[in-house]
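Here's the letter readout for the chains.
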Protein chains: 2
Amino acid sequence: MTAHPELTRNQTLVLKALDRAEGPLSAYGILDRLRDDGFRAPLQVYRALEKLQQFGLVHRLESINAFVACCQPHGHRHETIAFAICSHCGRVDEFSDAAVEERLNEWVRAHRFKPAKTTIEISGECADCTARGAG
Amino acid sequence: MTAHPELTRNQTLVLKALDRAEGPLSAYGILDRLRDDGFRAPLQVYRALEKLQQFGLVHRLESINAFVACCQPHGHRHETIAFAICSHCGRVDEFSDAAVEERLNEWVRAHRFKPAKTTIEISGECADCTARGAG
DNA sequence: CGTCTGAATGTTATGACATTACATGTCGAT
DNA sequence: ATCGACATGTAATGTCATAACATTCAGACG
């Protein structure tokens, strides 16, 4: 389940770009960082991102149209994952909470809703930025 | 708290368009429906939407870049609201769960994160669409 | 009354994010 | 060898959102 096929060249490059960034990147941000590796078009990035998301190696942050490398590639399986996104420094914390997941599952069961993807994102200001008095 | 100033003409038109739609609309979808009312540019829509969101009359669905009229304008205050979005018929169900909110608040407190906005969206297929065997 | 001011509006242009469509390449299985 | 599945390259286009600037409207105040 946690196993996935060898990554292709493009997928590897995109994942490395996200790993190095330590923060979310937009698809076009990734593209810019991979110009020297021969990337020319957005689709090269989007296609790699699609696969990486399927493998669980990358997450998409819906609220900011950006992507991050998964911080615990094998720590959680296909659980519901929540993100805390600092709008000041861009830092993203990833966590999961069984109780939250269970409550959402209850609603879904009660309403016979067939979930495909669950998004939980908290945007705000992280402790560090608050401490140093961010604008 | 639930009171808000009189809506302007543009705000009223945008809200009515969303009410009539019974489903999420993109900003450009709203624009198209308001051509006959004199709307010409996206900004007219976005400006109205911004205010309506502040008043709590409209929600933005981050995962599909669309907007819906709030189904219970005064039922919940500024609670965390969750959405179940059917990707087949577009239906959106809005709900809130105190336990979910409490668990997220606990994480936030523990990490001294100052939340600004919380997004919870479950995309998938609603009961009706599943029943009639949607593609 | 005149005018000052803040909010809303109108308009053009541009920026940012994502996909369609089609051609080409790569590699293993038969 | 050639077939099929998948990955890739490229151009064009579609979709979502905001910047910058001019104008209009309604109320406060002398």
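Heads up: the structure comes first, above all this text.
Since the structure is predicted, the reported quantities are computational estimates derived from the model, not experimental observations.

Novice: Is there a simple way to think about the packing of helix α4 (residues 98–110) of chain A against helix α4 (residues 98–110) of chain B in this case?
Specialist: When two helices pack together, you describe them by how their axes are tilted relative to each other and by the distance separating the axes. Axis separation between α4 of chain A and α4 of chain B bottoms out at 9 Å; the angle between their running directions is 160°. When the axis of α4 of chain A is compared with that of α4 of chain B, the two are roughly antiparallel. The handedness of the crossing between α4 of chain A and α4 of chain B comes out as left-handed. Along its contact with α4 of chain A, which presents Ala99, Val100, Arg103 and Leu104 of chain A, the element α4 of chain B presents Ala99, Val100, Arg103 and Leu104 of chain B. In terms of residue class, the contact of α4 of chain A with α4 of chain B is made up of six nonpolar, no polar and two charged.

Novice: For this particular structure, what's the right way to read the protein's contact with DNA strand D?
Specialist: Around DNA strand D sit 15 residues, and of these Thr8, Gln44 and Arg47 of chain A together with Tyr28 and Arg60 of chain B come closest. If you look at DNA strand D and keep only atoms within 4 Å of the protein, 44% of those are sugar or phosphate atoms. Contacts to DNA strand D include asparagine 10 of chain A, whose side-chain N or O atom sits 3.1 Å from a phosphate oxygen. At a separation of 3.0 Å, a phosphate oxygen of DNA strand D approaches a polar side-chain atom of tyrosine 46 of chain B.

Novice: What's the story with the pattern of salt bridges in this structure? I'm lost.
Specialist: Should the charged atoms of two oppositely charged side chains come close, the side chains can pair. This structure, assessed with the given rule, holds 16 salt bridges over all chains. Of the charged contacts in the structure, one is a salt bridge between lysine 114 of chain B and glutamate 125 of chain A, with a shortest N-O distance of 3.8 Å. Highlighted residues: lysine 114 of chain B in strand β5 (residues 114–125) and glutamate 125 of chain A in strand β5 (residues 114–125), drawn from two different chains. By relative accessible area, glutamate 125 of chain A is classed as buried at 12%. A salt bridge links arginine 109 of chain B to glutamate 102 of chain B; the nearest nitrogen and oxygen atoms lie 3.3 Å apart. When its relative accessible area of 52% is taken as the criterion, arginine 109 of chain B is described as exposed. In this structure glutamate 102 of chain B comes out as partly exposed when scored by relative accessible area, which is 35%. One salt-bridge network, held together by shared partners, links Arg60, Glu62 and Lys117 of chain A.

Novice: Hey, could you run me through the relation of the copies chain A and chain B in this one?
Specialist: Note: a rotation about an axis with an accompanying shift along it relates these two copies of the chain. Screw-axis analysis of chain A against chain B gives a translation of 0.0 Å along the axis, an RMSD of 0.1 Å, and a rotation angle of 180°. The superposition operator between the copies reduces to a two-fold rotation axis. The overlap is high: 100% of the interface residues of chain A also sit at the interface in chain B, so the same surface is used on both sides.

Novice: Please explain the interface of chain A and chain B as it appears in this structure.
Specialist: How large an interface is tends to be reported as the accessible area lost when its parts come together. Facing 32 residues of chain A, the contacting portion of chain B comprises 32 residues. Summed over both partners, the interface of chain A with chain B comes to about 2,800 Å²; 65% of that surface belongs to carbon and sulfur atoms. Taken as a group, Trp107, Phe113 and Ile122 of chain A account for 21% of the area that chain A buries against chain B, more than any other trio of residues on that side. On inspection of chain A and its partner chain B, the count reaches four salt bridges.

Novice: I'm lost on the sheet that holds strand β4 (residues 92–95) of chain B in this one. Help?
Specialist: Pairing between sheet strands relies on hydrogen bonds along the backbone, with the strands arranged either parallel or antiparallel. If you walk across this open sheet you meet the six strands as β4(A)-β3(A)-β5(A)-β5(B)-β3(B)-β4(B), and the pairing is mixed. Both outer strands of the open sheet, β4 (92–95) of chain A together with β4 of chain B, are each paired with one neighbouring strand and no more. Between one strand axis and the next, the sheet turns through 20° on average, direction left out of account. Across five bridges, the pairing between strand β3 (residues 82–86) of chain A and β5 of chain A is parallel. Each bridged residue has a counterpart across the sheet, and for alanine 82 of chain A the counterpart in β5 of chain A is isoleucine 120 of chain A. The strands touched by α4 of chain B are β3, β4 and β5 of chain A together with β5 of chain B; relative to β5 of chain B, the strand with the most contacts, the crossing angle is about 135°.

Conventions we followed
Residues numbered from 1 in each chain as written. Chains lettered and ligands numbered in written order. Predicted model: local features only at pLDDT ≥ 70, side-chain atom pairs only at ≥ 80, totals over all residues. Heavy atoms only, no water. Axes fitted to C-alpha atoms, helices over the stretch in contact; angles between N-to-C directions. Helix = DSSP H or I, 4+ residues; strand = E, 2+ residues; numbered from the N terminus. Parallel < 35°, antiparallel > 145°, perpendicular 65-115°, else oblique. Left-handed = near helix turned anticlockwise from the far one by under 90°. Contact = heavy atoms within 4.5 Å. Nonpolar A, V, L, I, M, F, W, Y, C, P; charged D, E, K, R; others polar. Near = heavy atom within 4 Å. Polar contact = N/O pair within 3.5 Å; in protein donor to acceptor, adjacent residues only side chain to side chain. Salt bridge = Lys/Arg side-chain N within 4 Å of Asp/Glu carboxyl O. Buried < 20%, exposed > 50% of the residue type's maximum accessible area, 1.4 Å probe, protein only. Least-squares fit on C-alpha atoms with pLDDT ≥ 70 in both. Buried area = accessible area lost by both parts, 1.4 Å probe. Pairing = 2+ DSSP bridges.

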